[in-house]
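# Structure assessment
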Amino acid sequence: MTLQDLRIDSVAPTGVTRESLLYRLRMTGLSAGYTLAAVPALVLLILTVVGLPLVFAVGAGLLLVWLAVPATALLTRAHRAVSGAVLGTEIEAGYADDRGRNFLTRPWVWLRDPARWRDVAFLAFSATGGFVLSLAPVALLTAPIAHVSVVLFLDHSLWWLPVFISTPMLIAWWFVSLPLVRARALAERGILDHGRVEELERRVEEVSTSRSEVLDHNAAEIRRIERDLHDGAQAQLVAIGMNASYAEKMIEADPAIAVEVLRELRLTTVSALENLRSVVRGIHPPALAELGLVGGIESLAAPLPLPVTVAASLPGHPPAPVETAVYFGVAECLANVVKHAKAEQVEVTLSHGDGVLRVVVRDDGIGDASAAPGSGLDGLARRMSAFDGIVTISSPTGGPTVVTMEVPCALSSLRTKPYSEKPSSDS
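Residues numbered from 1 in each chain as written. Predicted model: local features only at pLDDT ≥ 70, side-chain atom pairs only at ≥ 80, totals over all residues. Heavy atoms only, no water.

### What about the packing of helix α10 (residues 286-301) against helix α11 (residues 320-341)?
For clarity, the threshold we go by: To obtain an axis, a line is fitted to C-alpha atoms, over the contacting stretch when the element is a helix, and the angle between two such axes runs from 0 to 180 degrees between their N-to-C directions. Secondary structure is summarised from DSSP: a helix means a run of H or I of at least four residues, a strand means a run of E of at least two, and numbering begins at the N terminus for each. When describing relative orientation, an angle under 35 degrees is termed roughly parallel and one over 145 degrees roughly antiparallel, while 65 to 115 degrees is termed roughly perpendicular and anything else oblique. Crossings are classed by handedness, with left-handed meaning an anticlockwise turn of the near helix from the far one by less than a right angle and right-handed meaning a clockwise turn. We call two residues in contact when some of their heavy atoms are within 4.5 Å.
Running from amino to carboxyl end, α10 crosses α11 at an angle of 20°, the nearest separation of the two axes being 10 Å. The angle between the axes of α10 and α11 places the two elements in the roughly parallel class. For the pair α10 and α11, the crossing hand works out as left-handed. Each of Leu-288, Gly-292, Leu-293, Gly-296, Ile-297 and Leu-300 in α10 lies in contact with α11, whose residues at this interface are Glu-323, Thr-324, Val-326, Tyr-327, Val-330, Ala-331 and Leu-334.

Laid out in structure tokens, this is it:
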């Protein structure tokens with residue numbers, strides 16, 4: 001039997017078959033192993049509890065810690081492997097690095113390591129609640145067998161009463177053995193798994209940071225729009241109103257001047273319209289609304305002074321906010337290539353799989369691109385983090401530079417032919 005044979009995919013009741021019976025017997029054997037492991041867990045817990053207070057006073061405490069901590073690590077390693085196999089996942093330890101430490105300094109690393117304290121919590125659980133969880137399937141199966149064995153050796157009618165009473169125990173064993181083993185494995189993962197605890201803490205911190213950055217970005221964007229409207233289109237519209245009133249007065253007094261004023265009004269109107277379009281373009285590029293994400297990126301690539309290949313395989317449309325963020329992300333990458341990369345060609349690839357939109361921008365330039373604080377790529381990473389996305393950069397000296405953006409999102413269905421059916425464009 002291998003660790004892969006221990007995986008529990010479902011705890012739903014099944015019919016009584018030879019395979020299901022052997023499977024439950026195997027899991028009950030595992031539960032018995034869990035139960036027996038409570039003995040070394042209890043011993044190690046006692047050594048730890050006794051050794052820790054003494055470590056500051058006498059050398060005996062230091063010896064106890066040196067005995068208990070490595071032995072606990074071995075025990076928890078076995079439990080991580082077994083419980084991880086039951087759940088079909090990996091349970092990480094995440095111990096602090098104690099290499100290069102000597103006999104006296106290494107225990108200080110252990111004392112400050114949260115993963116070591118999770119091991120101590122596991123010892124307490126294994127010797128108490130975990131022991132009860134694991135003993136239950138074993139007791140439910142062995143009690144009826146023990147009663148029948150006693151009846152076979154002691155011919156007394158009163159011994160048949162426990163046999164009849166224990167029959168429901170076999171039924172209960174059939175239904176609860178798998179859930180109890182899985183519950184024990186889930187409890188151990190909750191106590192021992194370094195990755196889940198730190199990952200949750202990291203995600204909470206990232207969400208808080210990205211939310212704050214998005215709010216700041218939105219506030220700055222609103223101020224920019226207000227400033228552009230106030231300094232540009234609004235001033236021009238006021239001038240148009242004043243000149244229109246002046247032209248109205250001059251129509252009878254001096255028609256030639258009125259015609260000249262109206263000609264200026266037309267030019268001012270065109271300029272105001274262009275300013276309004278510029279403001280709107282900063283909010284949502286018209287190419288996205290008209291052509292979609294792939295078409296918008298192709299329109300970005302068209303005026304560049306180097307060939308850009310856009311290849312896409314998208315079975316649908318990303319959500320509008322994600323589409324806009326990716327569009328500006330690709331625009332930032334292409335701008336960096338033109339300014340700094342000294343590249344001869346660029347490839348932009350878009351794909352979607354496993355619920356993630358993946359955009360790769362690759363150039364054959366000189367490399368050495370980085371997301372230094374305050375740089376455009378740093379801003380790109382912060383923009384993507386608002387959508388729970390990540391940006392990875394590979395840019396060794398001499399190139400090539402590969403910027404990969406991954407954003408979790410679902411795609412809406414296409415009403416036109418898929419992007420993958422459109423030929424890629426070389427600009």
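This is not the end of the story, as more comes after the structure.
### A word on the nonpolar core
Formally: What is meant by a nonpolar core is a set of buried Ala, Val, Leu, Ile, Met, Phe, Trp, Tyr and Cys residues, joined one to another through side-chain atoms within 4.5 Å. Type-normalised accessible area, obtained with a 1.4 Å probe on protein chains alone, sets the label of each residue: buried when under 20%, exposed when over 50%, and partly exposed for intermediate values.
By size, the foremost hydrophobic cluster in this structure holds 34 residues, and its most contacted members are Leu-293, Val-326, Val-348, Leu-350 and Met-405. Mapped onto this core, the elements with two or more residues apiece are α10, β1 (308-313), α11, β3 (346-353), β4 (356-363), α12 (376-385) and β6 (401-408). Sorting elements by how many residues they give to this core places α11 first, with nine residues. If you look at the next biggest cluster of nonpolar residues, it comprises 13 residues, including Met-27, Leu-30, Val-82 and Val-86.

### Here's the deal with the packing of helix α2 (residues 38-54) against helix α5 (residues 114-127)
How two helices sit against one another is set out by the angle between their axes and by the gap between those axes. Condition: Under the grouping applied here, Gly and all other residues not named as nonpolar or charged are polar, the nonpolar ones being Ala, Val, Leu, Ile, Met, Phe, Trp, Tyr, Cys and Pro and the charged ones Asp, Glu, Lys and Arg.
For the pair α2 and α5, the least separation of the axes is 8 Å and the interaxial angle reads 130°. For the element pair α2 / α5, the angle class is oblique. Considering how the two elements wind past one another, α2 and α5 form a crossing that is left-handed. Contact residues: Ala-38, Ala-41, Leu-42, Leu-44, Leu-45, Thr-48 and Leu-52 in α2; Trp-117, Val-120, Leu-123, Ala-124, Ser-126 and Ala-127 in α5. Tallied by class, the residues present in the contact of α2 with α5 amount to 11 nonpolar, two polar and no charged.

### Some details on the environment of Leu-288
Residue position: Leu-288 is located in helix α10. Of the residues examined, Leu-288 reaches a relative accessible area of 4% and is grouped as buried. Spatially, the C-alpha atoms of Leu-288 and Tyr-327 are 8.1 Å apart, while their sequence positions differ by 39 residues. When residues no more than four places from it in sequence are discounted, the contact partners of Leu-288 are Leu-293, Glu-323, Thr-324 and Tyr-327.

### A few points about a nonpolar patch on the surface
The test is simple: Exposure above 30% relative accessible area and the absence of a salt bridge qualify a residue for a patch, where like charges join within 9 Å and nonpolar side chains (Val, Leu, Ile, Met, Phe, Trp, Tyr) within 5 Å. Here, Shrake-Rupley sampling with a 1.4 Å probe gives the accessible areas, and only protein chains in the shown set may cover a residue. Put simply, a salt bridge is a Lys or Arg side-chain nitrogen that is within 4 Å of an Asp or Glu carboxyl oxygen.
Together, Leu-42, Ile-46, Val-50 and Leu-54 make up a nonpolar patch on the protein surface, roughly 310 Å² of accessible area in all. Mapping Leu-42 onto the fold places it in helix α2. Assessed through its relative accessible area of 42%, Leu-42 is described here as partly exposed.

### Re the environment of Ala-124
Looking at where Ala-124 falls in the secondary structure, it is placed in helix α5. The exposure class assigned to Ala-124 is partly exposed, which follows from its relative accessible area of 30%. When the C-alpha atoms of Ala-124 and Leu-42 are compared, they prove to be 7.2 Å apart, with 82 residues separating the residues in sequence.

### Description of the side chain of Glu-188
Residue placement: Glu-188 occurs in helix α7 (residues 160-192). Setting aside residues no more than four positions away along its own chain, Glu-188 makes contact with Tyr-34, His-79, Ser-83, Phe-122, Phe-125 and Asp-193.

### Thoughts on helix α1 (residues 18-36)
The line we're drawing: Multiplying 1.5 Å by the residue count of a helix minus one yields the expected span of that helix. Directions are taken from the helix axis to each C-beta atom, and the arc is the one they span.
Over its 19 residues, α1 runs 27 Å from end to end, which matches the ideal 27 Å to within 8%, given 1.5 Å per residue. Among the residues making up α1, those that are buried are Ser-20, Tyr-23, Arg-24, Met-27, Thr-28, Leu-30, Ser-31, Tyr-34 and Thr-35. Within α1, the buried residues cover an arc of 160° as seen down the axis, which keeps them to one side. Away from the buried face of α1 by more than 90 degrees, exposed residues Arg-18, Glu-19 and Leu-36 are located.

### A closer look at the side chain of Asp-119
Keep this limit in mind: N or O atoms closer than or at 3.5 Å make up a polar contact, with two conditions inside protein: a donor-capable atom paired with an acceptor-capable one, and, for residues adjacent in sequence, both atoms drawn from side chains.
With respect to the helices and strands, Asp-119 occurs in helix α5. Among the polar contacts made by the side chain of Asp-119, one reaches the side chain of Arg-80 at a distance of 3.1 Å. If we ignore the near neighbours within four places in the chain, the residues touching Asp-119 are Thr-72, Ala-73, Thr-76, Arg-80, Tyr-95 and Leu-192.

### Some details on empty space enclosed by the protein
Heads up, the rule is: The rule is simple: put a 1 Å grid over the protein atoms alone, call a set of points where a 1.4 Å probe fits but cannot get out a cavity, call an open set with protein on both sides within 12 Å along at least five of seven lines a pocket, and count a residue as lining if it has an atom within 4 Å of a point. Grid points are joined across faces, edges and corners, and a volume is the space filled by probe spheres set on the points.
Under the criterion given, the structure shown has two cavities of 30 Å³ or more. Here the largest cavity is characterised by a volume of approximately 170 Å³. Lining of the largest cavity is provided by 13 residues; of these, Thr-48, Leu-52, Val-69, Arg-116 and Val-120 occupy positions nearest its centre. Elements represented by at least two residues in the lining of the largest cavity include exactly α2, α3 (59-87), α4 (106-111) and α5. Tallied by class, the residues present in the lining of the largest cavity amount to nine nonpolar, two polar and two charged.

### Structural notes on unusual backbone geometry
The amide bond that connects Gly-399 to the next residue, Pro-400, takes the cis arrangement and shows omega of -5°. Tracing the chain through its elements places Pro-400 in the loop between β5 (390-394) and β6. The backbone of Asp-354 shows a phi angle near 55°, a positive value even though the residue is not glycine. Within the fold, Asp-354 resides in the loop between β3 and β4. On the accessibility criterion, Asp-354 (83% relative accessible area) is exposed. With a phi angle near 65°, Asp-368 is a residue other than glycine that sits in the positive phi range. You can see Asp-368 is positioned in the loop between β4 and α12.

By themselves, these figures tell us nothing about what the structure is for.
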